[in-house]
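# Observations on the three-dimensional arrangement
Given next are the chains, with one letter for each unit.
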Amino acid sequence: MNNSMSKRMRTKLSIAAILVAGLALSTSALACDAAGPNTHVGQVLSVDGNHFTIRDAQTGGPISFTAGEKMQSSMPAPGDAVTIKYSGHEKELIAESIH
């Protein structure tokens, strides 16, 4: 009986751990989608002149931007967590605002 009880407890703990991990992953995975259209969320990896690259919160991959005219005086720093509104397309994304 004791062995059976502890087996059930381990099963319940395992299920709870999987649910918590799933919720944590889904929250960050949907970060860009939840932020709205033409928006990326992530952490700044590098800044070079008026270009910067982030690690996208949704895909985990790098995304590079060119700073738009309004942004050139307020470039982010490496390590900053940012939300970027952009224009353009895959080959050239222009950052219009950053928060």
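First, a word on what this report is: a plain description of the structure on this page. (Residues numbered from 1 in each chain as written. Predicted model: local features only at pLDDT ≥ 70, side-chain atom pairs only at ≥ 80, totals over all residues. Heavy atoms only, no water.)

### Topic: the overall build of the chain
When helices and strands are counted, the chain shows two helices and five strands. In the chain, the order of α-helices and β-strands from amino to carboxyl end is α-α-β-β-β-β-β. For the chain, with 99 residues in total, the buried portion stands at 25%. Considering only intrachain contacts with a sequence separation of at least 6, the fraction spanning at least 24 residues in the chain is 49%. Summed over all atoms, the accessible surface of the chain reaches about 6900 Å², with 60% contributed by carbon and sulfur. (Helix = DSSP H or I, 4+ residues; strand = E, 2+ residues; numbered from the N terminus. Buried < 20%, exposed > 50% of the residue type's maximum accessible area, 1.4 Å probe, protein only. Contact = heavy atoms within 4.5 Å. Areas by Shrake-Rupley, 256 points an atom, 1.4 Å probe, with all protein chains shown as cover.)

### Here we look at the nonpolar core
Core analysis: the largest hydrophobic core is formed by 13 residues, its most contacted members being Phe52, Ile54, Phe65 and Ile84. Among the elements of the structure, strand E2 (51-56), strand E3 (62-67), strand E4 (81-89) and strand E5 (92-98) are those that each provide at least two residues to this core. Ignoring sequence-local partners within four residues, the contact set of Phe65 consists of His40, Asn50, His51, Phe52, Ile54, Ile84, Tyr86, Leu93 and Ala95. (Core = buried A, V, L, I, M, F, W, Y, C linked by side-chain atoms within 4.5 Å.)

### What about the sheet that holds E4?
One closed barrel holds the five strands; their spatial order is E1-E2-E3-E5-E4, and the pairing between them is mixed. The sheet shows a mean angle of 55° between the axes of neighbouring strands, taken without regard to direction. Alignment of strand E1 (residues 39-48) against E4, held across five bridges, turns out to be antiparallel. What sits directly across from Gln43, in E4, is Ala81. (Pairing = 2+ DSSP bridges. Axes fitted to C-alpha atoms, helices over the stretch in contact; angles between N-to-C directions.)

### Some thoughts on the environment of Ile84
Relative to the helices and strands, Ile84 resides in strand E4. With a relative accessible area of 0%, Ile84 lands in the buried category. Measuring from C-alpha to C-alpha, the distance between Ile84 and Thr39 comes to 5.4 Å, with 45 residues separating the pair along the chain. Contact partners of Ile84, with chain neighbours within four places excluded, come to Asn38, Thr39, His40, Phe52, Ile54, Phe65, Ala95, Ser97 and Ile98.

### A word on the packing of aromatic side chains
If you walk through the whole model with that rule in mind, you get two aromatic pairs. Plain terms: the ring middles of Phe52 and Phe65 are 5.4 Å apart, the flat faces sit at 20° to each other, and that makes the pair stacked. Highlighted residues: Phe52 in strand E2 and Phe65 in strand E3, separated in sequence by 13 residues. Judged by relative accessible area, Phe52 falls into the buried class, the value being 1%. Through successive ring pairs, a cluster of aromatic residues spans Phe52, Phe65 and Tyr86. (Phe/Tyr/Trp six-rings, centres within 6.5 Å; stacked < 30°, edge-to-face > 60°.)

Everything listed is a geometric property; what it means functionally is a separate question.
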